Amino acid sequence: MDGQLGYLFAGFAVFWAGLFVYLLLLQTRIRSLTREVDRLEERLADAEADAAETPPRGGPSR
Amino acid sequence: MRTANRVYGLRWVLLPPLTGMGILAMLVGAVVAAPTELVEGDVQRLMYIHVPSAQAMYLAFGIVFVASIMVLWKRDMRWDAVARGAASVGVLFTAFALVTGSLWGKPIWGVYWQWDARLTSTLVLFLVYAAYLLARAVSDPGDEQAARYSAVYAIVGFLDVPFIVMSVRWWRTLHPQPIVSRLDPQLPGSMLAVLGISTLAIFLLALWLILLRTDTERLGQRLLGLRAAVDRREEA
């Protein structure tokens, strides 16, 4: 019966460990996407700042 | 439709506590409340994880099947995100079903594994969708052609599911015949109740994970579009 409890424990342990690893991987993916959003926001802000500093091409020259 | 949208909008409010309560009830039911099986002993309690995991596997791959049809029909990449999200959860629960089944089988059958029709076809399903995930992981998430090819592959792969379900009826297998999914379930009421609670809990968990994963995949797709827009803005 003790041996049987070992199999029972192993089954439940595999379930919880698998779930934990899956959620950890998912969290890593979400974190990487969040970092990508931050980078894009910075690039967009830089591009907008550059556009504001640069005089418009073909502006009023008459 | 408005009610459905409202319920969907509340998914992150409703699903986590419901799933948590369900899993807690499942644990108490499986470990404490359910009676010990006379012949197999305590190891039979693995049934409360093994059977619901197999059911969740069918649910997840059923969603992959429907979403893949929608990818081909509607040409909408949102369905591809659903298919990929459900496939990853399906692979997870197939692994749970295979491992818990092996651990249950060892003390009862004397072996961890037997190349019988049910076990082998389930392993094939695991490998089919693991390959699907691998193929999608190396392709661009926004690649519509890759999404369509993957959808065809996922639909063909789903043909293994009815084969798994019927395998124990068509062949003599080490895996037992269905004892619950029949008109006269061959389980005592107390075990049947715990199994029902466990199935509900694991279904909620699977649904939660599928939605979480789908939203993540969708975010990845939107980021791809956003990156292209920023690139254009920088070039301008």
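For the structure itself, consult the block above.
Novice: Account for the overall build of chain B, naming residues and giving values.
Specialist: Regarding its fold elements, chain B presents 8 helices and 0 strands. For chain B, the succession of helices and strands along the chain, N to C, is α-α-α-α-α-α-α-α. Dimensions of chain B along its principal axes, counting C-alpha atoms only, are 75 × 40 × 30 Å. Taken over 236 residues, chain B has a buried fraction of 37%.

Novice: Describe the overall build of chain A, listing the residues and the values that go with them.
Specialist: The helix and strand inventory of chain A stands at 1 helix and 0 strands. Split into buried and exposed, the 62 residues of chain A put 6% on the buried side.

Novice: Give a description of the interface of chain B and chain A that names residues and reports values.
Specialist: At the interface, 26 residues of chain B touch 23 residues of chain A. Listing elements by their share of the side of chain B that touches chain A, those giving two or more residues are helix 4 (77-109) and helix 8 (189-235) of chain B. Among the residues making up the side of chain B that touches chain A, the classes are represented as 15 nonpolar, 4 polar and 7 charged.

Novice: Outline the packing of helix 3 (residues 47-74) of chain B against helix 8 of chain B, supporting the account with residue identities and numerical values.
Specialist: Residues and elements named next belong to chain B. Interaxial distance between helix 3 and helix 8 falls to 8 Å at its minimum, and their mutual angle equals 40 degrees. By the criterion of interaxial angle, the relationship of helix 3 to helix 8 is oblique. Where helix 3 crosses over helix 8, the two elements pack in a sense that is right-handed. Together, Met47, Tyr48, Val51, Pro52, Ser53, Gln55, Ala56, Leu59, Ala60 and Ile63 of helix 3 and Val194, Leu195, Ser198, Thr199, Ile202, Phe203, Ala206 and Ile210 of helix 8 make up the contact between the two elements. Looking at side-chain class alone, the contact of helix 3 with helix 8 contains 14 nonpolar, 4 polar and no charged residues.

Novice: Talk me through the nonpolar core; I want residue IDs and the actual numbers.
Specialist: If you look at the biggest cluster of nonpolar residues, it comprises 58 residues, and the most contacted ones within it are Ala60, Val64, Ala83, Ala86, Phe93 and Ala206 of chain B. Breaking this core down by element, the ones donating at least two residues are helix 1 (2-53) of chain A together with helix 2 (11-33), helix 3, helix 4, helix 5 (117-138), helix 6 (144-157) and helix 8 of chain B. Looking at which element gives the most residues to this core, the answer is helix 4 of chain B, with 16 residues. Those residues in contact with Ala206 of chain B that lie beyond four places of it in its chain are Ala56, Leu59, Ala60, Val89 and Phe93 of chain B.

Novice: Go over the packing of helix 2 of chain B against helix 8 of chain B with me, naming the residues and quoting the values.
Specialist: All names here are of chain B. At a minimum axis separation of 8 Å, helix 2 and helix 8 run at an interaxial angle of 145 degrees. Regarding helix 2 and helix 8, the two cross each other, and that crossing is left-handed. Taken together, the residues of helix 8 that come into contact with helix 2 (itself represented by Arg11, Leu15, Pro16, Leu18, Thr19, Gly22, Ile23, Ala25, Met26, Gly29, Ala30 and Ala33) are Val194, Ile197, Ser198, Leu200, Ala201, Leu204, Leu205, Leu207, Trp208 and Leu211. When grouped by side-chain class, the residues that make up the contact of helix 2 with helix 8 number 17 nonpolar, 4 polar and 1 charged.

Novice: Tell me about the environment of Leu98 of chain B, and please be specific about residues and values.
Specialist: Residues and elements named next belong to chain B. For Leu98, the location among the structural elements is in helix 4. For Leu98 and Thr3, which are 95 residues apart along the polypeptide, the C-alpha to C-alpha distance reads 38 Å. Setting aside chain neighbours within four positions, we find Leu98 in contact with Thr122, Leu123 and Phe126.

Novice: With reference to specific residues and values, describe helix 4 of chain B.
Specialist: Here helix 4 of chain B is 33 residues long and its end C-alpha atoms lie 46 Å apart, about the 48 Å a rise of 1.5 Å per residue gives. Immediately downstream of helix 4 of chain B, the backbone of Gly110 of chain B shows phi near 90 degrees, a positive value.

Cut-offs used in this document
- Residues numbered from 1 in each chain as written.
- Chains lettered and ligands numbered in written order.
- Predicted model: local features only at pLDDT ≥ 70, side-chain atom pairs only at ≥ 80, totals over all residues.
- Helix = DSSP H or I, 4+ residues; strand = E, 2+ residues; numbered from the N terminus.
- Buried ≥ 20, exposed ≤ 12 C-beta atoms within 10 Å, placed from the backbone.
- Contact = placed C-beta atoms within 7 Å.
- Nonpolar A, V, L, I, M, F, W, Y, C, P; charged D, E, K, R; others polar.
- Axes fitted to C-alpha atoms, helices over the stretch in contact; angles between N-to-C directions.
- Parallel < 35°, antiparallel > 145°, perpendicular 65-115°, else oblique.
- Left-handed = near helix turned anticlockwise from the far one by under 90°.
- Core = buried A, V, L, I, M, F, W, Y, C linked by C-beta atoms within 7 Å.
- Expected span 1.5 Å × (residues − 1).

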